[in-house]
Structure formats: structure tokens, C-alpha cells
2 protein chains.
Amino acid sequence: MTKRVFNFSAGPAMLPLAVLEKAAAEMTDYKGTGMSVMEMSHRSSTYQAIIDKTEADLRKLMNIPDNYKVLFLQGGASLQFAMAPMNLAKNKKIDFVDSGNWSSTALKEAKKMGMDCHVVASSQADNNTYFPDFKAEDVRKDADYLHVTSNNTIYGTKRMNLPKLSIPVVSDMSSNILSEVFDVKDYGLIYAGAQKNIGPAGVTIVIIREDLVGLVPNLPTMLDYKTHVNKGSMHNTPPTYSIYLAGLVFEHMLAQGGVPYYEKLNKEKAEIVYNAIDSSKLFKAHVKKGPDRSLMNIPFFSGNEDLDKKFIKAAEAEGLLTLKGHRNIGGMRASIYNAMPIEGCRKLAEFIAKFDKENA
Amino acid sequence: MTKRVFNFSAGPAMLPLAVLEKAAAEMTDYKGTGMSVMEMSHRSSTYQAIIDKTEADLRKLMNIPDNYKVLFLQGGASLQFAMAPMNLAKNKKIDFVDSGNWSSTALKEAKKMGMDCHVVASSQADNNTYFPDFKAEDVRKDADYLHVTSNNTIYGTKRMNLPKLSIPVVSDMSSNILSEVFDVKDYGLIYAGAQKNIGPAGVTIVIIREDLVGLVPNLPTMLDYKTHVNKGSMHNTPPTYSIYLAGLVFEHMLAQGGVPYYEKLNKEKAEIVYNAIDSSKLFKAHVKKGPDRSLMNIPFFSGNEDLDKKFIKAAEAEGLLTLKGHRNIGGMRASIYNAMPIEGCRKLAEFIAKFDKENA
């Protein structure tokens, strides 16, 4: 019998078991074609149907308006740190909300590219225990765009409601895309590596408002959003199998009830884990109570490194895996993306309570 | 029972059935970890062991010297068309052998980037029915490197023995890497998209001589080979599952006898198909007889579009799929990469003979 664990990895992360089982069943013969999806020409009508349905299902899930293009790219969010400035910053002027590790990596990359960067708000001085507030008037009106990281995987904060701005908002949603309902229209560009809420690492979703495509001429072909818009993500061979798996995840999500279903579930799941941490004697959450707490990533500590290690090891023995915190802040981190079952959160909460009782 | 066809796709292409079956069996639980490889943190020791073994096996297969780095990147050969000039052309001076569609796409990209490009030899005027010859003295001594495309997927020509040069040779080996024995030491940089002879689309192999790393400062982080060399291809999340599958292919290849085994087999396979074409009344090979004929891609025609269509349709009914030629030259193309069994080539040859008899 297949053994399955609760895997709290920050990404790559758990995928729905039903999706993995379907992929395994279709591995050597996709729907009677006599070949695996990964053996199939990306120019075949069978594969075109797969990528078309994947895009259509994502559009349904996120209610993506017609004037937004959906791209399946490669290179992860890290390549978007360079592609977004290259493509959108025609005046080389970008504002940033600096709310964690990835936001400051994106900022650093833009600076390296010679961009005039302005930090609108930062939580770095407080070790990012909250999401920094800002007002529309803090943002430069002549900046090409404002860059935000909607969810901070390492520090466990998030913010989806931003002040209305006159300039486009570019959001790195790698770690909370599809986790709650929001309005795509509030953004000019959304990008997300797949390996948290979408599918396997190796495909990057880019959702871009049409009028932001083609602003800067003469970019390297593969780094120009226009190339991929014009060719339906097929300028060259796309990561065909990763896109197929993302499609299976989208199909599964729609069958469960779409993003509203996951938002409700994610809120319940986060509450279960946070309640266990907040009501323990030993453990403390990194993020202040309130709406800034991420639904996806929950960092917590005992304040005692040896005790943290003991916790992580004992949890492993219970089938609760990959709870070690990121090296930037240490301690533990429970990443509970869409595919983490509520039972995993309950089991973790019970384990926190038990460990607390035995070690406090 | 699983149905399997002979798939002559130019890429993505056939993979060994044993590899697909192993991947399917390990899909929901990799070696008792309770998770799929695609759910695993790339920072876990289990995944590190996978990528380390994948690299070690590739080094064994290709006999890669210690002073060469092996990288697992994203973006395909098309992104390398930009990354190679960015990283290696410190004097912005590149020589090219223009032997087909992809060589001229690489040339075009370098020109777009403002490089001083010189074509050493070209077969374009003759519709690339051979691989163009050149001598060492045709190459500029002060060029940063010479770029070649070792195998032309569309036109079906190849060349592995080049004149000895004083400048580095950069080779796009996407469509014939691992198909025959050659000396890595003859090259400064080798790159190859995985989807022909390696694994699924979405991972690009780069093999680079150490002294060519870090020649140009201040590149965008993800486009700098140095980034990936310094971080063992783990600057950000690599395409973990695609790398794992490439690893399964490498392991399978070693068990069969390595590249010498495949070289012998590929020569037999190509001979079977070419003999059928050459001895038919109806069909004509695109490439002249001789050593320029690719072992991987065999374009051929009847000279009559309707007859070509009839052939492709009738072949499909026999389980011989994806034989349609590239739109640049039309007709048929049989791509017979490492994973195409010799039985597939025999069946195609028999079908060519039968069709020839019935329609000549």
C-alpha cells in the first residue's frame, strides 16, 4: 500500500493525491493515444487541447478578464524579478513594498538592472512580523509600477487588499495564488512559480493586462512577454508535462468548488494551526495576530533551538514532515497550501498540544 | 493493456517505456518517503541525492572532464540563444556556422543583441541538404567563440568533427546529445533542451568549461551562468521532476551500455530507414548520401503533396505516428532518437517499401 505523509514543505509542496494517481494512470498512454503527455509533440492537436483547457480552467478559477493574457513560462519567480522590470519599466522607475525576503530580492534585481527604485513601505526593521501599511499618496505617480509580494513564504505575512493606485500593480503571488478570492483587475501583472499551489516546479504562470505587453522594444526574444503572448506560450517547446499537471490541479480545484471552497478551507486550516500555537505555553508565532497572518505559511518558535530540533524530529516520527523553518528565521514553519488536507492541520495542532504538555 | 505507438515526433519525443513505468510506480511515494518527487523540497537530502546522481550519471555517460560544470536550467535552447552571447561574448564578436533553421535563429538573436556576427559557412543557399564545410582559418581568431548546431532537427544534417580552433566552440546539441560518442573537451559550452534525447521538456542541460564562467559582469542574476554554477543549479527551485526523469533516462542508458551502445544502435536504425527511402521509387531523402546524414532526424518526400498526406495517414493507421515533416520543408520526417526502438525503424522501413510498391 502507498504510504503518504503530511508534507509541510514551503515548496515544492503537496499535490492532491487524486491528481498524482491520475497522472500515474495516464503515464504510458494518455487517453488511448499510445504515448505519455511528456512524449507528445507540443504542436499536436492533443497537446493543444491540454494547454487550452488548462488556461480555460485557470481563467474560470480566477475569473480572469478577457483583456488579460495568461502565459506558461519557465524560470520561476526569480526570472520574473528581471523580466517584469525589463518589460514594464519603460521609464526605469519602480516602487516597491518591501515585506520580506523575496520582495527585497526582487528589489535588488531591479536595482542591479539600473532601475530607479523607491521603497514605499517596509517591515524589514521589525523582522517582517507584519505586512507594512502604505497609502496611495506614498507611491510615486510617475513610477512605471508598484511591485508587491502578496504572501511572504518565509515570514508568513500576506496582504491582498491594496490602496487603489493610478499606476499598475505587479504582484508576485507565488505562495498564495489560488488560495483566496481576489480581483485580477486590481493588478497589471501577476506572476507565480507553480510549485506551491499549482503543480510541479518548472512552470511559471504570468497573467498580464494586454496594454502592458510590448512597452519596451528589442528585448531578448525569450525575455519579451510579447513573444509568448503572440505565440500562445509556444514560441519554443513549453514545459509540457508540468503544464498538464497544473491542468489536472485546476480541474480538481474546480470539481471541489473552486477558489471560494479553498479560501474557506484555508481559513479553517490556518485557524486550527494558529490556535494550537497561540494557546501553547512553549510556542510563539512569528506574525502578530490579525489579518496579516498568511493562510499558507505559519512560522513559529519555542525560542530554544534544541527544543525546536526535538519538536521537528518527534513530528517526523508522526508523519508530519518538512517542518524546519527557513534559515533566515529558524524555528519551525508549517506550509499549508491548498493541497494540504485539513486532517494534516488537525494532526499538527494535536501534536503541538501534546508536545507542549510534555515539554512545557 | 497499455497501448503504445511508435512516435516519430521531433520533440517532445519517445521515452523508454521502462522509465515511464518506473516514474508511474514512484508517483505517489518515492522510495518510502510518502511523497512524490514533485512534492519534495529541493532543499531536502532526498532530492539532493537525486540531482547529484543525475549529474554523476550524465558525467559518466558523456565522460565529462572535471573542469566542466553541468547545469540544469530552464527556458530551452531558445533561452541559450541569448544567454550564450550575454555570458561568453565579452568582445561582442561571434562566428557562426549556419547549417539550418536553429543555427540561423541563434544567429538572429545574437544580432538582435548587438553582436558583431560573422558567418563562417552556410548551407542555406542549398536548402541545407548537407552540413557546410569550413576550415580553421575561416574563423576569426579574435571572435569570442564559434557557434554551431551539431544536428539540424528540421533538415536532418549533422556534424560532430570540427576543425581544431584556438577559440571556444559553443554547440547547440539539443537534437543529438547522447546519440554518439564525442569528446566534450572539443567544446567550450554545450547546451541541449531535454525533450529529444534526455527527458521531458522544461529542463535544459548546459555543460560549460570553468574558465568561461563569469566573463561578463552584472548580468541579470538568472541569466548569469555563474549564479547557477555557484549554487549547483539551485539558486531558485529547479524543475525538480523533469531533472528526476532525466536521471531515470541516464540510469537506463548506463544499464544498456551507455553512449557506445546507443551510437551503434542509432547507426543501425538510421541505416534501416535510409535504405528503405533510398531503394524506393517514390521517395527521396532531403540530405545527400554520406556522413552529413543525421542519425536522429530523417526528412524525406515523394514530391507530391497529396501522396505525402496519404502516406502519413496510412502510417498512422499502422501505429507509426507524427511523421509529418516540418512546415519549412514539408513532406515527412522520421525522428528516431535514442528511445525509438529498432522495431519502430523496421516497421517504418517495411511500411515505406509496401507503400512504394502499392503507389509507385
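Residues numbered from 1 in each chain as written. Chains lettered and ligands numbered in written order. Predicted model: local features only at pLDDT ≥ 70, side-chain atom pairs only at ≥ 80, totals over all residues. Heavy atoms only, no water.

Draft legend 1. Looking closely at the overall build of chain A. When helices and strands are tallied, chain A shows nine helices and 14 strands. A compact globule built from 360 residues would reach a C-alpha radius of gyration of about 21 Å, and chain A, at 21 Å, matches this within 12%. Dimensions along the principal axes, computed over C-alpha positions, put chain A at roughly 60 × 60 × 30 Å. Counting the 360 residues in chain A, one finds 66% classified as buried. Within chain A, contacts between residues at least 6 apart in sequence are counted, and of these 66% link residues at least 24 apart. Looking at chain A, you have 44 positive and 40 negative side-chain charges, and the mean spots of the two groups are 2 Å apart. (Helix = DSSP H or I, 4+ residues; strand = E, 2+ residues; numbered from the N terminus. Rg over C-alpha atoms; globule rule 2.2 N^0.38 Å. Buried < 20%, exposed > 50% of the residue type's maximum accessible area, 1.4 Å probe, protein only. Contact = heavy atoms within 4.5 Å. Lys, Arg positive; Asp, Glu negative; His and termini not counted. Charge placed at Lys NZ, Arg CZ, Asp CG, Glu CD.)

Draft legend 2. Broad picture of the interface of chain A and chain B. The interface is formed by 57 residues belonging to chain A together with 57 residues belonging to chain B. The largest per-residue losses of area from chain A upon contact with chain B belong to Thr28, Met38 and Glu39 of chain A, which jointly make up 14% of the total buried on that side. Residue Arg4 of chain A is joined to Glu39 of chain B by a salt bridge in which the shortest nitrogen-to-oxygen separation is 2.7 Å. Taken together, the connections running from chain A to chain B amount to 25 residue pairs in polar contact (both at pLDDT 80 or more). Elements with a contribution of two residues or more to the side of chain A that touches chain B: α1 (17-25), α3 (76-88), α4 (101-112) and α6 (240-256) of chain A. Of the residues that constitute the side of chain A that touches chain B, the class distribution is 27 nonpolar, 23 polar and seven charged. (Buried area = accessible area lost by both parts, 1.4 Å probe. Salt bridge = Lys/Arg side-chain N within 4 Å of Asp/Glu carboxyl O. Polar contact = N/O pair within 3.5 Å; in protein donor to acceptor, adjacent residues only side chain to side chain. Nonpolar A, V, L, I, M, F, W, Y, C, P; charged D, E, K, R; others polar.)

Draft legend 3. Representation of the domain arrangement of chain A within the structure. All names here are of chain A. Along its sequence, chain A is organised into domain 1 (8-13 + 257-359) and domain 2 (22-255). Between the C-alpha centres of domain 1 and domain 2 there is a distance of 26 Å. If you look at the interface, domain 1 gives 29 residues, while domain 2 gives 30 residues. For the domain 1 and domain 2 pair, buried surface summed over both sides reaches about 2400 Å², with 53% attributable to carbon and sulfur atoms. Looking only at domain 1, the three residues that lose the most surface to domain 2 are Val259, His286 and Asp292, adding up to 24% of its buried area. On inspection of domain 1 and its partner domain 2, the count reaches one salt bridge. (Domains from an automatic or database assignment.)

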